[in-house]
Amino acid sequence: MPFAPTMAHARVTAPAVKSRNPSNFFSSTGLSLMLPGGGGGVGEGQNRSGHDEDQDYESSENMEGGSGDDIADLDHPRKKRYHRHTPQQIQEMEALFKEFPHPDEKQRQQLSKRLGLAPRQVKFWFQNRRTQLKATQERHENSLLRQEIEQLRSENVSLRDSLRNPICSICGGRGLNGDLMSFDEQQLRHENARLKDENRWMETFPCIISRATTVDVISNGVGGTRNGALQLMYAELQVLSPLLPTREIYFVRFSKQHADGLWGVVDVSVDSLLDTPDTSLTKCRKRPSGCLLRDMPNNRSKVTWVEHLEYDNVGVHRIFRSIINSGMAFGAQRWVATLQRQCQRIAFLMSTNTPTGDLAAVPTPSGRRSLMKLAERMTNKFCSGVSASSRHTWTKLSQGTGDDDVRVMSRKNVDDPGEPPGVVLSAATSLWLPVSPNRLFDFLRDQSFRNEWDILSNGGPIEEVTHISNGKDRGNRVSVLSAKNSSQSNTLILQESCADSYGSMVVYAPVEISAIHQVMNGNDSLNVALLPSGFVILPEGPPESRSLADNRQVEGSILTIAFQILVNDLPTAKLTLESVETVNNLISCTAQRIKAALQKVEDV
């Protein structure tokens, strides 16, 4: 496995962290796809976690949790046939499952011949085993979440006590009423403190961390601070594409205050200390890595970041090889660039002044904050939904050329008020384009070009109702757009575009007009239903893809296109092949339109 040690320095412009506080195509909100004949197709898969591993119950499964060829079985009638495997058969299938949880057809054929089983028996054993493993993981995660809730309640009590007993900002002693900070100052410091809080780690780096869990708190620190805090943690590192598997790490984190205004945070993998480490944990390890945070004058912080990562690059999709092998995907520069952008977001969020150039349709600072919070939740939900996390089971759709590798995944929302209820189908693909990342970002975020690639705009003009800056870069903004020829006359489009030195994103979601108005007036945005789609742009690509037919070397970009579609507003509804085919056509047509529009601009 190659080593990828990287170091980055940055002076982050943000409030300082004080050392002592370490038919109609769509017909409902969210890209909604209502198709005729929605009653047929795939039913909800049965929970097999309570069955013995040596029993098979053959049945059609929900796409979520199935293997790459499960879509072909959507039209099969549900049936059950009992079969008990021998210990030797179970042992061999378990051995293959540890290496290949989703064996392809060739592997299943070879295994079935060797064990004297029918290929279909092998296929359903692996489906049942994956379902069983998923149920076990969910029970474990629920247990961990309950522990985290109790910890947060305890910390909330401590925070309330500290507010009742303020500390002097000069001497560190007990403060008097005259030393109390203003409300805005308290808010700024609380927002900065979250950068040190492990419970906010994933929210601060949503494009890098797919999942994070505090497994155990070994030490809470000294004197109610993070100084000396030691935690055992688990995380999945990601690049925003379902084509690239996440990197799982199991590590300890140590926080230390070295001097007044100087903090250090160090991570190191500990999977080698486990008696039987999971094979996924041995494919990526953190050698001693971390950051130094130093308070600077004028509410600034100086950040020095070091990443020393060891990872297995076997099985990396060809268009991502150069990013992975160069260390760009998980290196220090990426962490610092993301942190810098998030600090700018916090500064703009807490600002009471309207930045020059912002449209004045949002009347109050509270309205601006509420709209920016809604956009932040939309972007974080997009990041969590597009990755190849172990929580997700993506199914590859067969493509004739193999150039556009489309993946799909289904899920059901029953009780999350933050998104529309029903059956949601996600589709994503990544492709290389011979165009610079900045040019591609400007093209996709600009509403004047949107009708050239957005099929749902019906070719009509898109107008910007308002926008709010959330960073120093001119492209970092939250916008509210109106589509004049859209079939959804009661909705607007909420869009966030953000860029840093590593890459960029354009994320959007339809929102009801009444909900947008409530948010812009400063009301709570937590219950606004969002189903985001969008684009992720990464620089460069594989060297073999950068040469055109005339041998010219060009600057390229990797573009990931991702849609989330509400195919039925009933959570109990079944998925159909027609839904899958329609979403596949939508993502393929969007990719072709983007290519054609960029080529037209190039020809001009």
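Conventions we followed
Residues numbered from 1 in each chain as written. Predicted model: local features only at pLDDT ≥ 70, side-chain atom pairs only at ≥ 80, totals over all residues. Heavy atoms only, no water. Helix = DSSP H or I, 4+ residues; strand = E, 2+ residues; numbered from the N terminus. Areas by Shrake-Rupley, 256 points an atom, 1.4 Å probe, with all protein chains shown as cover. Phe/Tyr/Trp six-rings, centres within 6.5 Å; stacked < 30°, edge-to-face > 60°. Buried < 20%, exposed > 50% of the residue type's maximum accessible area, 1.4 Å probe, protein only. Arc of directions from axis to C-beta. Contact = heavy atoms within 4.5 Å. Polar contact = N/O pair within 3.5 Å; in protein donor to acceptor, adjacent residues only side chain to side chain. Axes fitted to C-alpha atoms, helices over the stretch in contact; angles between N-to-C directions. Parallel < 35°, antiparallel > 145°, perpendicular 65-115°, else oblique. Left-handed = near helix turned anticlockwise from the far one by under 90°. Nonpolar A, V, L, I, M, F, W, Y, C, P; charged D, E, K, R; others polar. Salt bridge = Lys/Arg side-chain N within 4 Å of Asp/Glu carboxyl O. Core = buried A, V, L, I, M, F, W, Y, C linked by side-chain atoms within 4.5 Å. Pairing = 2+ DSSP bridges.

### Structural notes on the overall build of the protein
Phase 1: When helices and strands are counted, the protein shows 11 helices and 19 strands.
Phase 2: Total accessible area on the protein stands at roughly 27800 Å², and carbon and sulfur atoms take up 51% of it.

### Concerning the packing of aromatic side chains
Phase 1: Counted by the stated rule, this structure contains 13 aromatic pairs.
Phase 2: Seen in terms of ring centroids, phenylalanine 205 and tryptophan 335 are 5.0 Å apart; in terms of plane orientation they differ by 65°. Their pairing is edge-to-face. One end of the pair, phenylalanine 205, is in the loop between α5 (201-204) and β4 (209-219); the other, tryptophan 335, is in helix α7 (residues 332-350), and 130 residues separate them in sequence.
Phase 3: Here tryptophan 335 falls in the buried class, since its relative accessible area comes to 1%.
Phase 4: Considering the side-chain rings of tryptophan 453 and tyrosine 508, the 6.0 Å spacing of their centres and the 50° angle between planes classify their relative orientation as tilted. With tryptophan 453 in the loop between α9 (437-445) and β14 (462-469) and tyrosine 508 in strand β17 (residues 504-512), the pair connects residues that are 55 residues apart, well separated along the chain.

### A look at helix α10 (residues 513-520)
Phase 1: Those residues of α10 that sit buried are Ala515, Ile516, Val519 and Met520. Buried residues of α10 fall within an arc of 130° about the axis and therefore sit on the same side.
Phase 2: Looking at the buried positions of α10, the neighbouring elements they touch are α8 (365-386), β14, β15 (477-483), β16 (491-499) and β17.
Phase 3: With its phi angle positive at about 95°, glycine 522 sits one or two positions after the end of α10.

### Section: unusual backbone geometry
Phase 1: Phi is positive for asparagine 298, which is not a glycine, with a value near 60°.
Phase 2: Of note, asparagine 298 is situated in the loop between β9 (289-296) and β10 (300-311).
Phase 3: The exposure class of asparagine 298 is exposed, given its relative accessible area of 70%.

### Let's talk about the side chain of threonine 225
Phase 1: As for its position among the elements, threonine 225 is in the loop between β4 and β5 (230-237).
Phase 2: One polar contact links the side chain of threonine 225 to the main-chain carbonyl oxygen of valine 222, over a distance of 2.8 Å.
Phase 3: Of note is the side chain of threonine 225, whose polar atom sits 3.2 Å from the backbone nitrogen of asparagine 227.

### A closer look at the packing of helix α1 (residues 87-99) against helix α2 (residues 105-115)
Phase 1: For the pair α1 and α2, interaxial distance at closest approach is 11 Å and the crossing angle is 160°. In terms of axis orientation, α1 runs roughly antiparallel to α2. Considering the relative orientation of α1 and α2, their crossing is right-handed. From α1, Gln89, Glu92, Met93 and Leu96 reach across to α2, where they touch Leu111, Arg114 and Leu115.
Phase 2: Of the residues belonging to the contact of α1 with α2, the class tally is 4 nonpolar, 1 polar and 2 charged.

### Quick look at the pattern of salt bridges
Phase 1: Summed over the entire model, instances satisfying the criterion amount to 22 salt bridges.
Phase 2: With a shortest N-O distance of 2.9 Å, arginine 200 and glutamate 203 are connected by a salt bridge.
Phase 3: Residue classification places arginine 200 among the partly exposed residues on the basis of a relative accessible area of 36%.
Phase 4: With a closest N to O distance of 2.9 Å, aspartate 405 and arginine 407 form a salt bridge. Both residues of the pair, aspartate 405 and arginine 407, count as buried.
Phase 5: Residues joined in a network through salt bridges with shared partners are Arg253, Asp267, Lys286 and Glu307.

### Some points on the nonpolar core
One broad rule of soluble globular proteins: the nonpolar side chains tend to lie buried together.
Phase 1: Membership of the largest hydrophobic core comes to 74 residues, with the highest contact counts inside it found for Trp305, Phe320 and Leu371.
Phase 2: Top element by residues in this core is α7. It accounts for 10 residues.
Phase 3: The contact partners of leucine 371, leaving out residues within four places of it in the chain, are Val362, Ile468, Val478, Val480, Leu494, Ile516, Val519 and Met520.
Phase 4: Listed in part, the 37 residues of the second largest apolar core include Val423, Val506, Leu559 and Ile565.

### So, the sheet that holds β14
Phase 1: Reading across from one edge, β11-β12-β13-β19-β18-β17-β16-β15-β14 is the order of the 9 strands in this open sheet, with antiparallel pairing throughout. Of all strands in the sheet, those bounded by a partner on one side alone are β11 (395-396) and β14.
Phase 2: As paired strands, β15 and β16 are joined by 5 bridges and run antiparallel to one another. Directly across from arginine 477, in β16, lies its bridge partner serine 497.
Phase 3: Packed on one face of the sheet, α8 meets β12 (407-413), β13 (422-433), β14, β15, β16, β17, β18 (533-539) and β19 (557-568) and runs near 75° to β16.

### Considering the pairing of strand β7 (residues 262-269)
Phase 1: Within β7, 6 of the 8 residues are buried, leaving the element largely enclosed by the surrounding structure.
Phase 2: In this structure, strand β6 (residues 247-259) lies alongside β7, joined through 8 bridges in antiparallel fashion. Directly across from lysine 256, in β7, lies its bridge partner glycine 264.
Phase 3: Where β6 folds back on β7, the antiparallel hairpin that results is connected by 2 residues, among which glycine 261 adopts a positive phi of roughly 80°.

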